[in-house]
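Coordinate inspection notes
Here is what each chain is made of, one letter per residue.
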Amino acid sequence: MEYLLPCIEQLDLAASLLDSASPIRSRLSLILIDNIVELMAHQKCEELIRQDSWFPKVNPPKYSAGDRGDALGSKFANKFRFLSRIGIISSDERDFTLFCHSIRNEAYHLGVFHDDFIFELAWNYHKLACGYFLRLKPSAYRVPNYGELSENVKKYFGKERWLFIDWETVATSLDCLWQNESVALRK
C-alpha cells in the first residue's frame, strides 16, 4: 500500500498537468507517469519472483534464471519483457510502454522535443498506467489510517469504504480524468 498511494497521487497530478495542451506540462506529466509505471512494474516483478521461490520443494520455481535476472535487474525494458512473456501485459502494451519510456528519457535529459504529439502521448500513457494500476498492484498491502492520506488521495476513497477499497473504482476514476480532460480539450 505504501507505494500505491504515491501511484494514485502521481497519476492524479499527471492528469492535472494535462489540463492544457502545453508541451512543457505534457513532458512533466509524461515523466511522472513513467516514474509510476516503472515503480509499479518493479514492485510487481519483485513480488512475482519472491512468490515463485516460496516452498521450492513443493512447488518448483517456474521462472528461469534469465526471467529472474530480467525481473530483478535494473533495466526498464527487461522488466516489461518479463511481464509480457508471462502474460501480465500484452506485447502491444510492452512496446507502447517502451516507446513512452524512450520519449520520457529524451524529455527528461534533453528537454524540448516532440511538441507535436507529446500531449496525446502523455494522455494515452496515463490511460495505460491506470490499467497497469490494477494489474500490477500487489496481492497484499498494509492499509494506513485514513488520516494519513493526502487530500489528493482521499478524493478517490469514500471514508465509509476505506477499509474495503475498490481498486477498480480508483483506477476508473483516475482514467476518467483522461477521458474528461481529453474530450474537453478537443472541443
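Please read these numbers as outputs of a predicted model, since none were measured by experiment. (Residues numbered from 1 in each chain as written. Predicted model: local features only at pLDDT ≥ 70, side-chain atom pairs only at ≥ 80, totals over all residues. Heavy atoms only, no water.)

The terminal C-alpha atoms of helix H1 (residues 4-17), which comprises 14 residues, lie 20 Å apart, in line with the 20 Å expected from a rise of 1.5 Å per residue. Most of H1 sits out of view: 10 of its 14 residues are buried. Within H1, the full set of buried residues consists of Leu 4, Leu 5, Cys 7, Ile 8, Gln 10, Leu 11, Asp 12, Ala 14, Ala 15 and Leu 17. (Helix = DSSP H or I, 4+ residues; strand = E, 2+ residues; numbered from the N terminus. Expected span 1.5 Å × (residues − 1). Buried < 20%, exposed > 50% of the residue type's maximum accessible area, 1.4 Å probe, protein only.)

Moving on, we get to the environment of Leu 5. As for its position among the elements, Leu 5 is in helix H1. Along the backbone, Leu 5 and Leu 149 are 144 residues apart, and their C-alpha atoms lie at a distance of 7.9 Å.

On to a nonpolar patch on the surface, then. A cluster of nonpolar side chains, Trp 54, Phe 55 and Val 58, forms an exposed patch at the surface whose accessible area comes to about 390 Å². By the secondary structure assignment, Phe 55 is in the loop between helix H2 (23-52) and helix H3 (65-72). Since its relative accessible area comes to 62%, Phe 55 is described here as exposed. (Patch = residues over 30% accessible without salt bridge, like charges linked within 9 Å, V, L, I, M, F, W, Y side chains within 5 Å. Areas by Shrake-Rupley, 256 points an atom, 1.4 Å probe, with all protein chains shown as cover. Salt bridge = Lys/Arg side-chain N within 4 Å of Asp/Glu carboxyl O.)

What follows is about the side chain of Asp 52. Here Asp 52 shows up in helix H2. Engagement of the side chain of Asp 52 in a polar contact is seen with the backbone nitrogen of Tyr 63, the distance being 3.2 Å. Other than its neighbours up to four places away in sequence, Asp 52 contacts Pro 61, Lys 62, Tyr 63 and Arg 68. (Polar contact = N/O pair within 3.5 Å; in protein donor to acceptor, adjacent residues only side chain to side chain. Contact = heavy atoms within 4.5 Å.)

The final tally for this structure, using the stated rule, is nine salt bridges. Across the salt bridge formed by Asp 52 and Arg 68, the nearest N and O atoms sit 2.8 Å from each other. Of the two residues, Asp 52 sits in helix H2 while Arg 68 sits in helix H3, which places them 16 residues apart along the sequence. In this structure, the salt-bridge partner of Asp 70 is Arg 85, at a minimum N-O distance of 2.9 Å. Taken together, the residues span a long stretch of sequence, with Asp 70 in helix H3 and Arg 85 in helix H4 (residues 76-85) at a distance of 15 residues. For Asp 70, a relative accessible area of 18% translates into the label buried. Judged by its relative accessible area of 48%, Arg 85 is partly exposed. Each of Asp 67, Asp 70 and Arg 85 takes part in salt bridges that share partners, so that together they form one network.

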